[in-house]
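Each chain is listed here by its residues.
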Amino acid sequence: MKIVVIGGTGLIGSKVVDRLRQHGHEVLAAAPSMGVNTLTGEGLDEAMTGADIVIDLANSPSFEDQAVLDFFERSGRNLAAAEKKAGVKHHLALSVVGTGRPAFAASGYIRAKMAQEKLIRAAGIPYTIVHSTQFFEFLDGIAGDGGQKQDIHLSSGLMQPIASDDVADAVTDYALGAAVNGTVEIAGPEKAPLAELVQRFLKATGDPRKVVADPKAPYFGAVLEPDTLLPGADARLGAQDFQTWFGRSAFARRGVAR
């Protein structure tokens, strides 16, 4: 089968491309740097020619509210048009656990993901939407977003982060399976308050900053309820917990603070 991976050069995309090729499929890693741009439509028709499956892992270069909404709406429309023309049989998109929940209504990024999902459902192409929890690899960025002062105020809402390798495994399996025409969830094996997980990460990297758990601290513009970021009972769980992931990560290999 020919499979097009939009965002195929990124963190998850590159891993998915490798896994699909190991399964013997013809895989196109599509990205603006490779001449395929979902925002402008450049190269889309050529990329989709003969494609059976499209995996959309692209993300907006800007998280500003209007910019991210424009990205997902324009990209979604361009993808749907090219896929219909090519007769694509399965569209898979990676989204976020908690999308659509009231507590996330204040987040411009999540509103943009909701708009993307609405377009997917209306496109008439068999689809699977994979809702994932946050990646362990993002803990570094979350800590940075908290500020560079000694104390970082972060949400006390629970999260259940997942390793990018486990995300890639799940995306690969769901893409090669039948379209569910609905949503599935994936998550890591353990849950803990966001503030506690970031503190564990800082300690493991030798960062002296301290995290203050603050139930009112916003996350992507939204004040979280305790369970906003948690998956449901039927979620597919990854194998790697924090300790396992960190031991295999670039942070551990460096052996120094950020």
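The coordinates are above.
Residues numbered from 1 in each chain as written. Predicted model: local features only at pLDDT ≥ 70, side-chain atom pairs only at ≥ 80, totals over all residues. Heavy atoms only, no water.

Chemist: How should I be thinking about the packing of aromatic side chains in this particular structure?
Modeler: Think of a pair of aromatic rings as described by two things: how far the centres are apart, and how the planes are tilted against each other in angle. The full count for this structure, using the stated rule, is 16 aromatic pairs. Centre to centre, the rings of Phe63 and Phe220 are 5.8 Å apart; their planes meet at 45 degrees, and the pair counts as tilted. One end of the pair, Phe63, is in the loop between strand E3 (53–56) and helix H3 (65–86); the other, Phe220, is in the loop between strand E11 (218–219) and strand E12 (222–223), with 157 residues separating them in the sequence. For Phe63, a relative accessible area of 39% gives the class partly exposed. Judged by relative accessible area, Phe220 falls into the partly exposed class, the value being 39%. Between Trp245 and Phe246 the ring centres are 6.0 Å apart and the planes differ by 65 degrees, which places this aromatic pair in the edge-to-face class. The ring of Tyr174 is capped by Arg236, whose NZ or CZ atom sits 5.9 Å from the centre of that ring. (Phe/Tyr/Trp six-rings, centres within 6.5 Å; stacked < 30°, edge-to-face > 60°. Helix = DSSP H or I, 4+ residues; strand = E, 2+ residues; numbered from the N terminus. Buried < 20%, exposed > 50% of the residue type's maximum accessible area, 1.4 Å probe, protein only. Lys NZ or Arg CZ within 6 Å of the ring centre and 35° of its normal.)

Chemist: How should I be thinking about the sheet that holds strand E4 (residues 90–96) in this particular structure?
Modeler: Working definition: the strands of a sheet are paired by backbone hydrogen bonds and lie parallel or antiparallel to each other. On the basis of which strands lie adjacent, the open sheet formed by seven strands has the order E2-E1-E3-E4-E5-E8-E13 and parallel pairing. Whereas interior strands pair on both sides, the edge strands pair on one side only; in this sheet they are strand E2 (26–30) and strand E13 (236–237). Looking at chain direction, strand E1 (residues 2–6) and E2 are connected through five bridges and run parallel. In the strand pairing of E2, Val5 is matched with Ala29. Packed on one face of the sheet, H3 meets E1, E3 and E4 and runs near 170 degrees to E3. (Pairing = 2+ DSSP bridges. Contact = heavy atoms within 4.5 Å. Axes fitted to C-alpha atoms, helices over the stretch in contact; angles between N-to-C directions.)

Chemist: Please clarify how the packing of helix H1 (residues 11–22) against helix H6 (residues 164–176) should be interpreted in this entry.
Modeler: For any two helices packed against each other, the geometry is given by the interaxial angle and the distance between the axes. Between H1 and H6, the least distance of the axes is 9 Å, while the angle of their chain directions is 55 degrees. As judged from the angle between their axes, H1 and H6 are oblique. In this structure, the crossing between H1 and H6 has a hand that is right-handed. Here Leu11, Ile12, Lys15, Val16, Arg19 and Leu20 of H1 come into contact with H6, specifically with Ser164, Asp165, Val167, Ala168, Asp169, Val171, Thr172 and Leu176. (Parallel < 35°, antiparallel > 145°, perpendicular 65-115°, else oblique. Left-handed = near helix turned anticlockwise from the far one by under 90°.)

Chemist: In this structure, what is going on with H1? I would like to understand it.
Modeler: Here H1 spans 18 Å end to end across twelve residues, near enough to the 16 Å set by a 1.5 Å rise per residue. Within H1 the residues assigned to the buried category are Ile12, Gly13, Val16, Val17, Arg19 and Leu20. Projected onto a plane normal to the axis of H1, the buried residues spread over an arc of 170 degrees and lie on a single side. Elements that come into contact with the buried residues of H1 comprise E1, E2, E3 and H6. (Expected span 1.5 Å × (residues − 1). Arc of directions from axis to C-beta.)

Chemist: What is the right way to read the nonpolar core from this model?
Modeler: For soluble globular proteins, nonpolar side chains are generally found buried alongside one another. Of all hydrophobic cores here, the largest spans 45 residues; its most connected members are Ile6, Met48 and Val198. Looking at this core, the elements that each hand over two or more residues are E1, helix H2 (44–48), H3, helix H4 (108–122), helix H5 (139–145), strand E6 (151–154), helix H7 (194–205) and helix H8 (242–248). In this structure Val198 touches Leu139, Ile142, Ala143, Leu154 and Val211, once residues within four positions along its chain are discounted. In terms of nonpolar packing, the next biggest core, distinct from the first, is built from 23 residues, Val27, Ile53, Leu92 and Val130 among them. (Core = buried A, V, L, I, M, F, W, Y, C linked by side-chain atoms within 4.5 Å.)

Chemist: Help me out: how do you make sense of the environment of Thr172 in this one?
Modeler: Within the secondary structure, Thr172 is located in helix H6. The spatial distance from the C-alpha of Thr172 to the C-alpha of Gly157 is 30 Å, given a sequence separation of 15 residues.

Chemist: Looking at this structure, I do not really get unusual backbone geometry. What am I missing?
Modeler: Backbone geometry at Asn181 places phi at a positive 50 degrees, although glycine is not the residue there. With respect to the element layout, Asn181 can be found in the loop between H6 and strand E8 (182–187). Look at Asn181 and you get partly exposed, because its relative accessible area is 46%. With phi around 50 degrees, Phe220 is a residue other than glycine that occupies positive phi space.

Chemist: Sorry if this is basic, but what is going on with the pairing of E6 here?
Modeler: Strand residues, when the strand is regular, have side chains that alternate between the two faces of the sheet. Burial along E6 is one-sided: Ile152 and Leu154 are buried, while Asp151 and His153, pointing the other way, are not. Here E6 runs beside strand E10 (residues 210–213); their pairing, made up of four bridges, is parallel. Bridge pairing in E10 links His153 to Val212.

Chemist: Whenever I open this one, H3 confuses me. Can you help?
Modeler: Between its terminal C-alpha atoms H3 stretches 32 Å, which fits the 32 Å expected from 22 residues at 1.5 Å a residue. Within the span of H3, buried status applies to Val68, Phe71, Phe72, Ser75, Gly76, Leu79, Ala80, Ala82 and Glu83. Looking at the buried positions of H3, the neighbouring elements they touch are E1, H2, E3, E4 and H4. Here H3 starts with a cap whose side-chain oxygen sits 3.2 Å from the backbone nitrogen of Gln66, and that cap is Glu64. (Polar contact = N/O pair within 3.5 Å; in protein donor to acceptor, adjacent residues only side chain to side chain.)

Chemist: Explain the pattern of salt bridges to me, please; I cannot follow it from the model alone.
Modeler: Between side chains of opposite charge, a pair can form as their charged atoms come close. Considering all chains together, one arrives at eleven salt bridges under this definition. In this structure, the salt-bridge partner of Arg19 is Asp169, at a minimum N-O distance of 2.6 Å. Of this pair, Arg19 sits in helix H1 while Asp169 sits in helix H6, and the two are 150 residues apart along the sequence. On the basis of relative accessible area, Arg19 is assigned to the buried category, the value being 18%. You can call Asp169 partly exposed: its relative accessible area is 30%. Close ionic contact of Glu185 with Arg101 constitutes a salt bridge, the shortest N to O distance being 3.8 Å. With Glu185 in strand E8 and Arg101 in the loop between E4 and H4, the pair connects residues that are 84 residues apart, well separated along the chain. (Salt bridge = Lys/Arg side-chain N within 4 Å of Asp/Glu carboxyl O.)

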